[in-house]
Amino acid sequence: MTHILAIDQGTTSSRAILFDGSLNVVSMAQEEFRQHFPASGWVEHDPSDLWATVAATARAAIERAGIGARDIAAIGITNQRETTLLWDRKTGRPLHNAIVWQDRRTADLCERLKAAGHEPMISARTGLLLDPYFSGTKLAWFLDHVEGARARAKAGELAFGTVDSWLIWNLTGGQVHVTDATNAARTLLYNIAENRWDAEICGLLDIPMQLLPEVRDCAGDFGVTRADLFGREIPILGVAGDQQAATVGQACFRPGMMKSTYGTGCFALLNTGADLVPSRNRLLTTIAYRLDGKTTYALEGSIFIAGAVVQWLRDGLKIIRTASESQPLAQKADETQEVVMVPAFTGLGAPYWRPDCRGAIFGLTRNSGPAEFARAALESVGYQTRDLLEAMRADWTTPGQAVLRVDGGMTASDWSMQFLADILGAPVDRPRVTETTALGAAYLAGLAAGVCPGPEQFASQWALDRRFEPRMDDSLRQAKYARWKKAVAATMEAA
Ligand SMILES: Nc1ncnc2c1ncn2[C@@H]1O[C@H](COP(=O)(O)OP(=O)(O)O)[C@@H](O)[C@H]1O
Ligand SMILES: O=P(O)(O)OC[C@H](O)CO
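Please read all numbers here as calculations on a predicted model, not as lab measurements.

A. Examining the site of ligand 2 more closely. Around ligand 2, the neighbouring residues are Gly10, Thr11, Gln80, Arg81, Glu82, Trp101, Tyr133, Asp242, Gln243 and Phe267. At 3.0 Å, a side-chain N or O of arginine 81 approaches an oxygen atom of ligand 2. A distance of 2.7 Å separates an oxygen atom of ligand 2 from a polar atom in the side chain of tyrosine 133. Against a free-state accessible area of 310 Å², the protein chains account for coverage of 87% of ligand 2. Its residues placed into classes, the shell around ligand 2 shows three nonpolar, four polar and three charged.

And the structure:
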């Protein structure tokens, strides 16, 4: 009973990774599922796809490892955050497709709430901003648009959940309706200082509180799986939203430690310890993890387009065939050209929060071609990260030197990581284990199961693959960053 199964339910795929008791990866399975785009700016997932791909990949990972369910001490769950589901408590049937975090359909509702002056109160309590990104206005949309939903919610017949709650509900056969503090912190309905659902905000959105799951620590009891799923009941002992799980997997346990994950988007979290730091620079304040009833807070910067800009070079412009070709192409770029790309394909996230902006490219000449586009695309990820770190520094002075720990698919590009260190003027550390999200979920479950060591020992096992030291001349760094800031200002002006 020393293995731990991590379930990582992401935006485009579900993955299951089986770890041994020393947290080495033993086996893995992954399945993509369909994205639904019913209208411009709308993104939905079929809840049954989320559950089916999780169940199938979990079974496949166990089978591939050649072990039985009896060898698994615990399950840890990590998930795409904010994505919102509503289902019937009796039948377990969803009332609608899940509304995905990227979905912008509640932009008008957010604007109305802002115009009515509610943002300061909501921000002070939840650490978030009035943006369609978060679950609260998505849940209000369900109640406003699904016939009879609000009355049924008031009667206690329905359950709301983020993806973790939906998976736990299904894993436990409809026995357990819970979430963890990190997922609750992304709903816009949770008071992160007092650790409770906020009745006033729920009232403002007309959300009956009978809908809400119970909120638990990240490591602890989340119920047991139905015996028929894996051949035996397995306890679910760890839960965290994917960016918080990566923070744990990167062992960013001390205040001042920071990680940035480069997948489709980029999410940077700075551990601020027991300090709940309100942002004055349009970052989010969130819960990094809650263990033994003790909350550790973080400042978060969320960028919607990071690795997705490389996908655009591949699928939109068709100038590369695979993501890894972006680096050799960028290296061929003419260094004297000053092409800057602002990849605001779905608006700008932190610290600008401009859902109305769209992408732009500046500085083109007759000699600009695929290589300059590739370079500008990879550089845009570095510039956006610098925007986040500048805002973080302005919000909170870090004790000691800040090193950025990175993970996610895009960190495979050495050139991008070197540019990141160069434009930040600070070192960037890439760990040996890049599956940090699943690792974090496995660690939380293993901690509660008594299989994994305490945080300090876990942190001492974190191993460096490569450190990227800044090499760029300071005047060039300043000139390049100034050019980026001008390009962003022009993009916002044009929107
Ligand atoms: N060698 C590479 N160079 C640049 N970008 C890459 C490379 N490999 C993968 N990526 C980018 O990383 C992203 C996938 O990372 P991943 O962590 O799997 O993301 P997600 O969990 O959001 O699906 C893709 O957007 C892809 O374009
Ligand atoms: O599923 P990912 O890796 O794209 O992460 C999505 C984030 O949790 C959204 O907040």
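B. Focus on the nonpolar core. One finds Leu86, Leu139, Leu189, Leu211 and Tyr262 to be the most contacted residues of the largest nonpolar core, which totals 104 residues. In terms of residue count, the dominant contributor to this core is helix 13 (residues 370-395) (twelve residues). Dropping the residues within four chain positions of it, leucine 211 is found in contact with Leu86, Arg89, Leu139, Leu143, Ala153, Leu158, Ala159, Phe160 and His177.

C. Molecular detail of the sheet that holds strand 3 (residues 25-32). Here we have five strands laid out as an open sheet, ordered 3-2-1-5-13, and mixed in their pairing. Strand pairing shows two members of the sheet lacking a second neighbour, strand 3 and strand 13 (236-241), which therefore form its edges. Neighbouring strand axes in the sheet, compared pairwise and without regard to direction, differ in orientation by 15 degrees on average. By the bridge criterion, five bridges tie strand 5 (residues 72-79) to strand 13 in an arrangement that is parallel. By the bridge assignment, isoleucine 75 is partnered in strand 13 with isoleucine 236. Across the sheet, helix 6 (residues 163-171) touches strand 1 (3-9), strand 5 and strand 13, and the angle it forms with strand 5 is around 145 degrees.

D. Spotlight on the pattern of salt bridges. Applying the stated criterion across every chain, the model contains 36 salt bridges. A salt bridge links glutamate 214 to arginine 216, with the nearest nitrogen and oxygen atoms 3.1 Å apart. For glutamate 214, a relative accessible area of 46% translates into the label partly exposed. A relative accessible area of 22% means that arginine 216 is categorised as partly exposed. In this structure, lysine 480 and glutamate 379 form a salt bridge, with 3.3 Å as the shortest nitrogen-oxygen distance. One end of the pair, lysine 480, is in helix 17 (residues 474-494); the other, glutamate 379, is in helix 13, and 101 residues separate them in sequence. What makes glutamate 379 buried here is its relative accessible area of 3%. Within this structure, Arg81, Glu82, Arg186, Asp242 and Glu300 form a network of salt bridges that share partners.

Quick notes on the rules
- Residues numbered from 1 in each chain as written.
- Chains lettered and ligands numbered in written order.
- Predicted model: local features only at pLDDT ≥ 70, side-chain atom pairs only at ≥ 80, totals over all residues.
- Heavy atoms only, no water.
- Near = heavy atom within 4 Å.
- Polar contact = N/O pair within 3.5 Å; in protein donor to acceptor, adjacent residues only side chain to side chain.
- Areas by Shrake-Rupley, 256 points an atom, 1.4 Å probe, with all protein chains shown as cover.
- Nonpolar A, V, L, I, M, F, W, Y, C, P; charged D, E, K, R; others polar.
- Core = buried A, V, L, I, M, F, W, Y, C linked by side-chain atoms within 4.5 Å.
- Buried < 20%, exposed > 50% of the residue type's maximum accessible area, 1.4 Å probe, protein only.
- Helix = DSSP H or I, 4+ residues; strand = E, 2+ residues; numbered from the N terminus.
- Contact = heavy atoms within 4.5 Å.
- Pairing = 2+ DSSP bridges.
- Axes fitted to C-alpha atoms, helices over the stretch in contact; angles between N-to-C directions.
- Salt bridge = Lys/Arg side-chain N within 4 Å of Asp/Glu carboxyl O.

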